[in-house]
Amino acid sequence: MVRSGGLVAFPTETVYGLGASIERPEAVARIFRAKGRPSDNPLIVHIARRRDVRELASEVPLPARRLMAAFWPGPLTVILKKAERVPAVVTANLDTVAIRMPSHPVARAFLRAAGVPVAAPSANRSGRPSPTTWEAVWEDLVGRIDAILIGPPSEVGLESTVVDCTGAVPVILRPGVITRRMIEAVVPGTRYAGHKEQAQGRSPGLRHRHYAPRARVVLEASPQAVGDESEEARKRAAWIGIGRPPPGISKVKRCRSVAEYARTLFDFFRACDREGVEVIYCKPVRPRGLGVALMDRLCRAASAASK
Ligand code: TXA
Ligand code: MG
């Protein structure tokens, strides 16, 4: 179906993706329409075999090779100089391409069967939280795409770590479950992109509104901050975090670990929207390890909601 120009959603270990063959530029263009995605936001190309990189990238520097050897298949995306073969619609006219080899067995079987590299963003309407269940894909995209491959809920729940490998040292553009520490152990000197680099558009997607439920997202600094709300308001509020929720809030998700928090966050956002929750209090976590990625998504959701 993908080979003949269809749009197929599929599970991955991070979030569900919405795929089209890179050999069908018109199908790739349809992804942008189905999602309502700005056309200046490039897509990640998903592959089944390591050797596919050679056809997509014109140069594969040593640090990139090391990272791919260490973390593929898995939740790591590398940015490389693109080869001729990759159409401009996939990379939003950039001269670089994002490539990832997922580890999820359904994703791998799908990519092997497709037999072509598959361009795939997360399978949500643009601006909504990424889907971590097939039901979330259905909720956002039913009638706009051709098929959904049904799998279990995504294990990680946050999108892949994106690392720009085109410069002298790798730069982390989007934090994920593959942490800076893990990457540094393989390629010393790897750093996070500064705000300036993000603003200059090395990762165009980060400029756009992201991860936001309809409800207002508030980073709960302390239980007192929540306590300021009237009893009536607290009935329309929700809370997610590790530890003890403030009293009087009707919808609560207590997580036992950062990993569980990351895995359930986007699904919780969507459940809150369905139930008409107005404010979602999210308890911050320490920005260490996976906590960096979780805080990144929480801060984006909070700032998007305040606009
Ligand atoms: O975990 C994931 O990465 C999921 C699953 C489906 O693989 N995909 C995903 O795709 O999150 P998407 O499109 O929602 O996010 C891709 C991110 C965006 O921020 C985009 O701007 C960035 O990667 N990106 C893609 N190509 C790029 C490039 N050539 N240079 C810099 N950033 C790029
Ligand atoms: Mg996305």
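Residues numbered from 1 in each chain as written. Chains lettered and ligands numbered in written order. Predicted model: local features only at pLDDT ≥ 70, side-chain atom pairs only at ≥ 80, totals over all residues. Heavy atoms only, no water.

**Here we look at helix H5 (residues 105-114)**
Move 1: All buried positions along H5 are accounted for by Ala-107, Phe-110, Leu-111 and Ala-114. The buried residues of H5 all sit within an arc of 95° when viewed along its axis, so they share a single face. Among the exposed residues of H5, those oriented more than 90 degrees off its buried face are Pro-105, Arg-112 and Ala-113.
Move 2: Lining the buried residues of H5 we find strand E1 (8-10), strand E3 (44-46) and strand E6 (118-120).
Move 3: Following H5 by one or two positions, Gly-115 adopts a phi angle in the positive range, close to 75°. (Buried < 20%, exposed > 50% of the residue type's maximum accessible area, 1.4 Å probe, protein only. Helix = DSSP H or I, 4+ residues; strand = E, 2+ residues; numbered from the N terminus. Arc of directions from axis to C-beta. Contact = heavy atoms within 4.5 Å.)

**Observations regarding the pairing of strand E9 (residues 171-174)**
Move 1: Sheet topology note: the strand E8 (residues 161-164)/E9 ladder contains three bridges and is antiparallel. Paired with Asp-164 across the two strands is Val-171, which belongs to E9.
Move 2: Following E8, the chain reverses through six residues before pairing antiparallel with E9.
Move 3: In the sheet, E9 pairs with strand E10 (residues 191-192) via two bridges, with the strands oriented parallel. (Pairing = 2+ DSSP bridges.)

**A word on the nonpolar core**
Move 1: Counting 41 residues, the largest nonpolar core has Trp-72, Leu-76 and Ile-99 as its most contacted members.
Move 2: Contributing elements (two or more residues each) for this core: strand E2 (17-21), helix H1 (25-35), helix H2 (53-56), helix H3 (62-71), strand E4 (76-81), strand E5 (96-100) and helix H6 (134-141).
Move 3: Considering each element in turn, this core owes the most residues, five residues, to H1.
Move 4: Leaving out residues up to four positions away in the same chain, Ile-99 has contacts with Ile-44, Val-45, Ile-47, Val-53, Leu-56, Ala-57, Trp-72, Leu-76, Thr-77, Val-78 and Leu-80.
Move 5: Membership of the second largest hydrophobic core comes to 25 residues, among which are Phe-269, Val-277, Ala-293 and Ala-302. (Core = buried A, V, L, I, M, F, W, Y, C linked by side-chain atoms within 4.5 Å.)

Keep in mind these values describe shape, not function.
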